[in-house]
Amino acid sequence: MALNYIWIALFTIGVLVGVIKLVFLQDYDALPEMMDSTFKMSNTAFEMTLGLTGTLTLWMGILKIGEDSGLVDKLARLLSPVLTKLFPEIPKNHPALGSIFMNISANMLGLDNAATPVGLKAMQELQSLNEKKDTASNSMIMFLVLNTSSLMIIPVSIMAYRSKYGAADPADVFIPILLTTMCSTLVGLIAVSIYQRINLFQKNILIMLGSIGLLVAALFTALTGMDNEQMQRFCRLLTASLILGTILLFIYSGVHKKLNVYNSFIEGAKGGFHVAVSLIPYCVAILAAVGVFRASGALQMVQDAFTWCVEACGLNSDFVGAVPVALMKPLNGAGARGMMLECFESFGPDSFVGHLASVLQGSTDTTFYILAIYFGSVGIKKYRYSVACGLMADLAGMVAAVFFSYFFFG
């Protein structure tokens, strides 16, 4: 329901701003530009969804091999002591637990293309346990908020963009992004746990959080003393090794069980195409509304008003230049990425605004986009408190991004 109101508000505010420009400023290009943006963003949504088809097909085929070979069940049994505490509605050893783990792992490595197909698969498995098929279950909401808060250890794509724009040290946002996403994930986890009355002070959960801390410490140790080029090479090698290793692990788990691995892959891959097609209406709806809101100038007006408020309070407004990234991030990942690149163009990747834009881009995932495609893929219409918890995590990530950016780069 919240997404419904937000979708209406984006269109309504955008059109009203365009009409005001036409009537009072005699800006005869305002409405045509908004119309063009609507069609452009709709086409972008369609192309984006089609572009996802290949990745969906690949990973859903690989996951099918894992299911048929029993590897997903083994992952579920391995992780059930921890995940069953966070997802008490999921039976022990259910394959959804394995898919949830793989999705979270892919997000931690900044692998958006790998995370989405696994996440959609996990959502389908959670829907099979859902008694009210049009209403998000507690497990779905916990999974979605953990997904949108997006704990990220290695921000591969952001470092690549910074390198492309000539940053002196593209990896200098590594630690701020890690600390920021840890804050957003923790807030999202606490918010959902309060709604669902989950006790986080349990042995298995504390062990998991401690293990993540040790993993982060080990990674810091490995990167200590590396120059920028060595760090970039290490991150790319680690990412490639993990992805290719996962594919080989699934394939040879099927070989070990004497499966026809190729047939299993084809059977699972067919589902990837159908899922991608089902996502098109949801992506078009979200991106068309965002396009109208942005093209109308409403986003710029919000930014200008925000600057005035900050300066009126006597605070430093240096961070306001990166606010469009923060405002766009919950709505559209591609739009937020575009805003980040605009900050690079206008201020430079090594400026304070450029650094902050990079950290904001990695602070959380795209909440409303994920709500649309994840819930849309299984026909969920009633989101309950998922939007509220997701936005809490987003807000925490934005505040933490500003704080850590001032601490490291201010």
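What you see is a predicted model, and the numbers here were worked out from it, not measured in a lab. (Residues numbered from 1 in each chain as written. Predicted model: local features only at pLDDT ≥ 70, side-chain atom pairs only at ≥ 80, totals over all residues. Heavy atoms only, no water.)

> An account of the overall build of the protein is needed here, citing residue identities and associated values.
A count of helices and strands for the protein gives 17 helices and zero strands. By the compact-globule yardstick of 22 Å for 410 residues, the protein fits well, its C-alpha radius of gyration being 22 Å. If one aligns the C-alpha atoms of the protein with their principal axes, the spans along those axes are about 70 × 50 × 40 Å. Looking at the protein residue by residue over its 410 residues, the buried ones come to 53%. Partitioning the intrachain contacts of the protein with sequence separation of at least 6 by distance along the chain shows that 78% fall at a separation of at least 24. Working note: accessible area of the protein is about 18600 Å², and carbon and sulfur atoms make up 66% of it. Charged side chains of the protein number 25 positive and 26 negative; the gap between the two group centres comes to 14 Å. (Helix = DSSP H or I, 4+ residues; strand = E, 2+ residues; numbered from the N terminus. Rg over C-alpha atoms; globule rule 2.2 N^0.38 Å. Buried < 20%, exposed > 50% of the residue type's maximum accessible area, 1.4 Å probe, protein only. Contact = heavy atoms within 4.5 Å. Areas by Shrake-Rupley, 256 points an atom, 1.4 Å probe, with all protein chains shown as cover. Lys, Arg positive; Asp, Glu negative; His and termini not counted. Charge placed at Lys NZ, Arg CZ, Asp CG, Glu CD.)

> So what's going on with the packing of helix H15 (residues 352-363) against helix H17 (residues 386-409)? Which residues, and what values?
As a packed pair, H15 and H17 sit with axes 9 Å apart at the nearest point and diverge in direction by 145°. Considering the relative orientation of H15 and H17, their crossing is right-handed. In this structure, H15 contributes Phe352, His355, Leu356, Val359, Leu360 and Ser363 to the contact, and H17 contributes Gly397, Met398, Ala401, Val402, Ser405, Tyr406 and Phe409. By residue class, the composition of the contact of H15 with H17 is nine nonpolar, four polar and no charged. (Axes fitted to C-alpha atoms, helices over the stretch in contact; angles between N-to-C directions. Left-handed = near helix turned anticlockwise from the far one by under 90°. Nonpolar A, V, L, I, M, F, W, Y, C, P; charged D, E, K, R; others polar.)

> Quick one: what's the story with unusual backbone geometry, residue by residue and with numbers?
Negative phi is the rule for most residues except glycine; trans is the rule for most peptide bonds. At glutamine 26, a residue that is not glycine, the phi angle is positive and equals roughly 50°. Relative to the helices and strands, glutamine 26 is located in the loop between helix H1 (2-25) and helix H2 (30-69). At arginine 197, a residue that is not glycine, the phi angle is positive and equals roughly 60°. Note on placement: arginine 197 falls in the loop between helix H8 (174-196) and helix H9 (203-223).

> Give a description of helix H16 (residues 367-376) that names residues and reports values.
With ten of its ten residues buried, H16 lies for the most part within the structure. Among the residues of H16, Thr367, Phe368, Tyr369, Ile370, Leu371, Ala372, Ile373, Tyr374, Phe375 and Gly376 are the ones counted as buried.

> Tell me about the nonpolar core, and name the residues and values.
Counting 80 residues, the largest nonpolar core has Phe87, Phe143, Phe319, Leu356, Leu360, Tyr374 and Phe375 as its most contacted members. With eight residues, H16 is the single largest residue contributor to this core. In this structure, Trp59, Ile65, Met102 and Val118 belong to the second largest nonpolar core, which totals ten residues. (Core = buried A, V, L, I, M, F, W, Y, C linked by side-chain atoms within 4.5 Å.)

> Go over the packing of aromatic side chains with me, naming the residues and quoting the values.
Here the structure, examined in full by the defined rule, presents eight aromatic pairs. When the ring of phenylalanine 407 is compared with that of phenylalanine 408, the centres are 5.1 Å apart and the planes differ by 80°; the resulting orientation is edge-to-face. A residue is classified by how much of its surface remains accessible, and phenylalanine 408, at 35% relative accessible area, is partly exposed. Pairwise contacts between aromatic rings join Phe407, Phe408 and Phe409 into one cluster. (Phe/Tyr/Trp six-rings, centres within 6.5 Å; stacked < 30°, edge-to-face > 60°.)

> Any chance you could break down the pattern of salt bridges for me, citing the residues and the numbers?
Taken as a whole and assessed by the stated rule, the structure comprises four salt bridges. Close ionic contact of aspartate 68 with lysine 64 constitutes a salt bridge, the shortest N to O distance being 3.6 Å. Remark: lysine 64 and aspartate 68 occur in helix H2; sequence separation between them is four residues, near one turn of the helix. Overall, the relative accessible area of 31% leaves aspartate 68 in the partly exposed class. Of the residues examined, lysine 64 reaches a relative accessible area of 19% and is grouped as buried. In this structure, the salt-bridge partner of lysine 64 is glutamate 267, at a minimum N-O distance of 3.7 Å. Taken as a pair, lysine 64 in helix H2 and glutamate 267 in helix H11 (residues 261-295) lie far apart in primary sequence, 203 residues in all. Residues joined in a network through salt bridges with shared partners are Lys64, Asp68 and Glu267. (Salt bridge = Lys/Arg side-chain N within 4 Å of Asp/Glu carboxyl O.)

> Any chance you could break down the environment of aspartate 227 for me, citing the residues and the numbers?
Here aspartate 227 is to be found in the loop between H9 and helix H10 (228-256). It is 48 Å that separates the C-alpha atoms of aspartate 227 and isoleucine 13, two residues lying 214 residues apart in sequence.

> So what's going on with the environment of leucine 63? Which residues, and what values?
For leucine 63, the position within the fold is in helix H2. Residue classification places leucine 63 among the buried positions, given a relative accessible area of 3%. Taking the C-alpha atoms as reference points, leucine 63 and glycine 268, separated by 205 residues in sequence, lie 7.2 Å from one another.

> Quick one: what's the story with the side chain of serine 184, residue by residue and with numbers?
On the secondary structure map, serine 184 appears in helix H8. For serine 184, a relative accessible area of 0% puts it in the buried group. Setting aside residues up to four positions removed in sequence, serine 184 forms contacts with Ser149, Ser363, Thr364, Ala393, Ala396 and Gly397.

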